[in-house]
Amino acid sequence: MIAPLAFVIGLSMAKEAMEDSRRFIQDMKVNMRKARVHKGDGVFGPKPWMKLRVGDVVKVEKDKFFPVDLLLVSSSYEDGICYVETMNLDGETNLKVKRALEVTLSLDDDMSFKDFTGKISCEDPNSNLYTFVGNLEYDRQIYPLDPSQILLRDSKLKNTAYIYGVVIFTGHDSKVMQNGTQSPSKRSRVEKQMDKIIYILFCLLVLISLISSVGFGLNTRFQMPQWWYVQPNKIADLHDPSNPFSSAFLHWITALILYGYLIPISLYVSIEVVKVLQAMFINKDTHMYDEESGTPAQARTSNLNEELGQVDTILSDKTGTLTCNQMDFLKCSIAGKAYGTRFSEVELAAARQMALNVDNQVFESTPKSGVHVSEIELETVVTCKDKKYQKPPINGFSFEDSRLMHGNWSKEPNADVILLFFRILAICHTAIPEAKEKTGGFTYEAESPDEGAFLIAAREFGLEFCKRTQSSVFVRERYPSSKKPIERGYKILNVLDFTSKRKRMSVIVQDKDGQLFLFCKGADSIIFDRLSKNGRMYEETTTKHLKDYGEGGLRTLALAYRKLEEVEYFAWNNEFIKAKTSIGGDREAMLGKVSDLMERDLILVGATAVEDKPQKGVPQCIDKLAQAGLKIWVLTGDKLETAINIGFSCSLLRQGMKQICITSLNVDTSAQNSIKDNIVMQITNASQMIKLEKDPHAAFALIIDEKTLSYALEDDLKHEFLNLAVVCASVICCRVSPKQKALVTRLVKQGTGKVTLAIGDGANDVGMIQEADIGVGISGVEGMQAVMASDFAIAQFRFLERLLVVHGHWCYKKIAQMICYFFYKNIAFGLTLFYFEALASFSGQSIYDDLYMLLFNVILTSLPVISLGVFKQDVSSEICLQAPDNLLKFSELLKSRAHHVEECWTITWIHIYKFANPIVQPALQGL
């Protein structure tokens, strides 16, 4: 008995150790990455990340990740700025600008740190990514620190040759690690249910062993003295008629061992073998192999294969998971005139749906018709009109309109306004050009993907941004009248940075003639409020175009400008410099107030519309998963408007779907109670609206922002929020921190009691991936942190459809059937021994040979079931993908908590009736 048990447990331990070792090796690869650290006397040398200590001076070079949380001391720029990509932290692709303190700007080379000493006092480690409180004591002076000087671990240095920083927090004290959750030990629900059945079988084992012991005790007391032909030579405790209670107890132990085959110890090892082989099939599935990156699917743990077939809710990141992280300039409105003939993904999806509806009507009226009207209409919708201007696609530029391309814009009625529009695109930004040696062109490192798309659009229209210095930008302007481009320089006097609160960005420039301009771009609602009376000429038509672009799922910005007088500018600039050099917590507020004074009396030029394209196959994948009855939540760090646009382009939000927006934007933020009361009222009203909805087919989408979500996750409100969310077809949470992602996942998992799946591709998704029942990591452009924390890894979101609908269905059904069969054959085997015992005076004699009994569980009855669990396919993958709604019905049947117990025990009692009635039927005949 011990040998098979040790074999089974040993195999399980070996399998778990193998999977854990892989994770350990990946962790060590990260821990052993090298960072350049000050060794002393101005010498920097390599040191593993895991050995960095607080107070070390670290040098980080371009395109490298920050190994710890650092205080920025200086950079390769004279003014101490650096550009940081925080995609791993908040999912945002735009670059953040960090600034060193002026007092440390002189520490800009290795030797300057030879005698560098200082003292940093700061807050304790915490999970808040956006705040930091501390001060630097340097050269007998104390300087306040704020988040603009802090470089967080797992963010990346961009557009900057190098930076020097002092280590503040390391390892688990760093903010990104503080946002993580403890890695849980995950077990599937089938295994947990299987454990309950094992407990029941153990109770049955004890019961029949007790019955056997009582029978043996009675036989020993009353019948054994008459059995002269089996009398032992020496009466022992086991056969002592004078002490039947001792005999019964000793026989109870014998019976426990004899009937122990009721407990299928080989079941666990058989399931382990089957799951490992199922995982190999997932890894080798060519339909989930990404040819572009050469990345296959990977089942990083095989414990959760069958959970894939029970998923009820999917919680997904947006950036890099649903979208490509690539903005395409698609349309624009200039001087009240719309340009751009191509259609967005949302518009194409709507056109296809309309065509499908028309197609069905035509089919019903003229079923024998060879050509359908809808096909012709759809072809008309998606075909480009300007075929002679078609050329290879350009990343970031999908614009098509012959009126603006190839210099034809100069023939338009408002050519001067169009030229101004192009100049704003080429000048109003903070990007840095990088020359390409092979082609002679430029690539742009921009703070946001929108800026990159604008610069590419300006280049294609004829104004190429080619150079930036500390104080100027240079643009090569191509005109139809001249063969060679003209390089113009513009002096950058001030940059009024974009913030989520301001929702706009401006630059003040001076051209070669000395004329001062303010170029501004931002959200249309913000820009329109700042227009002068004479600057509203195109407002009405531009508003209409912006509405059309928004319905098409496009991200929009309005562009405006203003001419400045020197006297006015210099007076304002003095106030701006005072605000910029002020020290204190209200510095940002002062800058915003002074900037607002200049961004007035603007003249509207036009608007842009860019598309953040979903990854290939994402809309279709989400449609199929929705057909299968899965609820999809998107947890993103993006702002509300952006998330809504992406929701449309990914088919998460559909035309006709009723949106419920719960925000705190229009609430007085001075009173905390009033904010919470308002949120409670919004949730209550939304729940009431859904209850009163008369249309049974109405679909609702819930959209909630960060601040509202923080209140909604509080103990006294989270259940009301969850009750509202679960009745909505789609849920979008905006501006969500990594910790909030994990808390939302926990709320859904615990509140609904159903299987949740979290999918993401960045370090900011690790918390929710670990918290969910199943974590799926996407091996994309945001590093490997999500993959390392995941249970399954895929290269594209679209592969999730096959992973759930095909492999999830197969694995779940095969494991369920396999478990039922194992219990059936072990109960049959164990009870047969019990029936024989009734005919053998409960003597403890086995009906089978010992070797056969030993091999019965481990080999003879395991291999056929293992083959069934690995190879059987009740339906083909094509049927799975074509009819996910049919699989939902089967999944609901299996999801019944008592399903496995009921089926096993139904079989058991049929078996008992068959063999025990009549009890006198010979055991061998029954076998």
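Cut-off values and rules
Residues numbered from 1 in each chain as written. Predicted model: local features only at pLDDT ≥ 70, side-chain atom pairs only at ≥ 80, totals over all residues. Heavy atoms only, no water. Helix = DSSP H or I, 4+ residues; strand = E, 2+ residues; numbered from the N terminus. Buried < 20%, exposed > 50% of the residue type's maximum accessible area, 1.4 Å probe, protein only. Contact = heavy atoms within 4.5 Å. Areas by Shrake-Rupley, 256 points an atom, 1.4 Å probe, with all protein chains shown as cover. Salt bridge = Lys/Arg side-chain N within 4 Å of Asp/Glu carboxyl O. Pairing = 2+ DSSP bridges. Expected span 1.5 Å × (residues − 1). Patch = residues over 30% accessible without salt bridge, like charges linked within 9 Å, V, L, I, M, F, W, Y side chains within 5 Å. Axes fitted to C-alpha atoms, helices over the stretch in contact; angles between N-to-C directions. Parallel < 35°, antiparallel > 145°, perpendicular 65-115°, else oblique. Nonpolar A, V, L, I, M, F, W, Y, C, P; charged D, E, K, R; others polar. Core = buried A, V, L, I, M, F, W, Y, C linked by side-chain atoms within 4.5 Å. Phe/Tyr/Trp six-rings, centres within 6.5 Å; stacked < 30°, edge-to-face > 60°. Lys NZ or Arg CZ within 6 Å of the ring centre and 35° of its normal. pLDDT = per-residue confidence, 0-100. Lys, Arg positive; Asp, Glu negative; His and termini not counted. Charge placed at Lys NZ, Arg CZ, Asp CG, Glu CD. Arc of directions from axis to C-beta.

Caption draft 1: Structural view of the overall build of the chain. Looking only at helices and strands, one finds 29 helices and 32 strands in the chain. Out of the 927 residues in the chain, the part that is buried amounts to 53%. The long-range share in the chain, meaning contacts at least 24 apart out of those at least 6 apart in sequence, stands at 71%. Only carbon and sulfur atoms are counted for the fraction: they give 56% of the accessible area of the chain, which is about 43600 Å².

Caption draft 2: Just the pattern of salt bridges, in detail. By the definition in use, this model includes 41 salt bridges. When the shortest N-O distance is used, the salt bridge between K813 and D874 registers 3.3 Å. Placement of K813 in helix α23 (residues 799-839) and of D874 in the loop between α25 (863-871) and α26 (877-882) is noted, with a sequence separation of 61 residues between them. The class of D874 is partly exposed, set by a relative accessible area of 31%.

Caption draft 3: Representation of the side chain of N303 in the model. On the secondary structure map, N303 appears in the loop between β13 (298-299) and β14 (311-316). Beyond its immediate stretch of four places on either side in the chain, N303 contacts K15, E16, K186, S188, E191, E272 and K275.

Caption draft 4: Representation of the sheet that holds strand β12 (residues 162-169). The strand order across the open sheet formed by six strands is β2-β1-β3-β12-β4-β10, and the pairing between neighbours is antiparallel. The open sheet has two edge strands with one neighbour each: β2 (43-48) and β10 (150-151).

Caption draft 5: Layout of helix α9 (residues 415-427). Here α9 is 13 residues long and its end C-alpha atoms lie 18 Å apart, about the 18 Å a rise of 1.5 Å per residue gives. Most of α9 sits inside the fold, with 11 of its 13 residues counted as buried. Taken together, the buried positions of α9 are occupied by A415, V417, I418, L419, L420, F421, F422, I424, L425, A426 and I427.

Caption draft 6: Here's a closer look at a nonpolar patch on the surface. Judged by side-chain polarity, L851, Y852, L854, L855, I859, L860 and L863 come together as a nonpolar surface patch covering roughly 610 Å² of accessible area. Looking at which element gives the most residues to the nonpolar patch, the answer is helix α24 (residues 850-860), with six residues. Checked against the element boundaries, I859 lands in helix α24.

Caption draft 7: Structural context of the packing of helix α19 (residues 718-726) against helix α20 (residues 738-752). Two elements in contact, α19 and α20, have axes separated by 11 Å at closest approach and are oriented at 80°. Regarding the angle of α19 to α20, the classification is roughly perpendicular. Contact with α19, carried on its side by K718, F721, L722 and V726, involves L747, V748, G751 and T752 of α20 and no other residues of that element. In terms of residue class, the contact of α19 with α20 is made up of five nonpolar, two polar and one charged.

Caption draft 8: Quick look at the nonpolar core. Residues F329, I334, F399, L404, I427, F461 and F519 are the most contacted members of the largest nonpolar core, which totals 75 residues. Among the elements that line this core, the one with the most residues is α9, at 11 residues. In this structure F461 touches F329, F397, F399, L404, M405, W409 and F422, once residues within four positions along its chain are discounted. Formed by 50 residues, the second largest nonpolar core is a distinct cluster that contains V618, L652, I732 and I778.

Caption draft 9: Structural detail: the environment of N88. As for its position among the elements, N88 is in helix α2 (residues 87-90). N88 gets classed as buried once you look at its relative accessible area, which sits at 4%. Sequence separation between N88 and V176 is 88 residues, and the spatial gap between their C-alpha atoms is 9.0 Å.

Caption draft 10: The packing of aromatic side chains, seen in detail. Counted according to the given criterion, the structure contains 31 aromatic pairs. Ring-pair connections join several aromatic residues into one group, and the members of that group are F329, F397, F399, W409, F421, F422, F454, F461 and Y479. A cation over a ring is seen here: K331 above F343, with NZ or CZ 5.5 Å from the ring centre.

Caption draft 11: Layout of unusual backbone geometry. Although it is not a glycine, D41 adopts a positive phi angle of roughly 60°. Positive phi is not limited to glycine here, since N159 has a value of about 60°. Mapped onto the elements of the fold, N159 is located in the loop between β11 (156-158) and β12.

Caption draft 12: Local environment of the environment of L713. Within the secondary structure, L713 sits in the loop between α18 (706-712) and α19. When the C-alpha atoms of L713 and L743 are compared, they prove to be 7.6 Å apart, with 30 residues separating the residues in sequence. L713 has contacts with K718, Q740, L743, V744 and L747, leaving out every residue within four places of it along the chain.

Caption draft 13: Structural detail: the sheet that holds strand β9 (residues 141-145). The strand order across the open sheet built from three strands is β7-β8-β9, with neighbouring strands paired in antiparallel fashion. Across the chains shown, the open sheet's two edge strands, defined by having one partner strand only, are β7 (119-122) and β9. The mean angle between the axes of side-by-side strands here comes to 20°, regardless of whether they run parallel or antiparallel. With five bridges connecting them, strand β8 (residues 134-138) and β9 associate as antiparallel partners. Bridge pairing in β9 places N135 opposite P144.

Caption draft 14: View of the confidence of the model for the chain. For the chain, the mean per-residue pLDDT works out to 81, and 85% of the residues sit at or above 70. A low-confidence stretch, residues 362-389 (pLDDT under 50), is modelled with 23 contacts involving residues beyond four sequence positions or located in other chains. In the model, residues 893-902 has pLDDT below 50 throughout and makes 21 contacts with residues more than four positions away in sequence or in other chains.

Caption draft 15: Inspection of the packing of helix α4 (residues 189-223) against α23 at higher detail. Close contact between α4 and α23 brings their axes to 12 Å; oriented N to C, the two are set at 5°. For the element pair α4 / α23, the angle class is roughly parallel. Counted together, V190, M194, I197, I198, L201, I208, I211 and S212 of α4 and Y812, I815, I819, F823, I827, L831 and F834 of α23 form the full contact between these two elements. Residue composition of the contact of α4 with α23, by class: 14 nonpolar, one polar and no charged.

Caption draft 16: Looking closely at the pairing of strand β22 (residues 504-510). β22 sits mainly inside the fold: six of its seven residues count as buried. Where strand β21 (residues 486-496) and β22 come together, five bridges link them in antiparallel fashion. If you follow L496 over to β22, its bridge partner there is S506. Bridge analysis of β22 against strand β23 (residues 516-522) gives seven bridges, and the strand direction is antiparallel. By the bridge assignment, V509 is partnered in β23 with F517.

Caption draft 17: Looking closely at a negative patch on the surface. Where like charges cluster on the molecular surface, the negative patch consists of E78, D79, D108 and D109. Turning to its location among the elements, E78 is positioned in the loop between β4 (69-75) and β5 (81-85). Judged by relative accessible area, E78 falls into the exposed class, the value being 69%.

Caption draft 18: Just the pairing of strand β29 (residues 730-733), in detail. The alternating pattern of β29 places S730 and I732 on one face and V731 and C733 on the opposite face, and all of these are buried. One ladder, built from four bridges, connects strand β26 (residues 631-635) with β29; its direction is parallel. Looking at β29, one finds that V634 is bridged to I732. Both strand β28 (residues 700-704) and β29 contribute to a ladder of four bridges, which runs parallel. Across the sheet, residue L702 finds its bridge partner in β29, namely V731.

Caption draft 19: Focus on helix α15 (residues 618-627). Those residues of α15 lying buried are V618, P619, C621, I622 and L625. With its buried residues spanning 160° around the axis, α15 presents them on a single face. At the exit of α15 stands G629, carrying a positive phi of roughly 90°.

Caption draft 20: Expanded view of the side chain of D765. As for its placement among the helices and strands, D765 is situated in the loop between β30 (755-760) and α21 (766-771). Relative accessible area serves as the criterion here: at 0%, D765 is assigned to the buried category.

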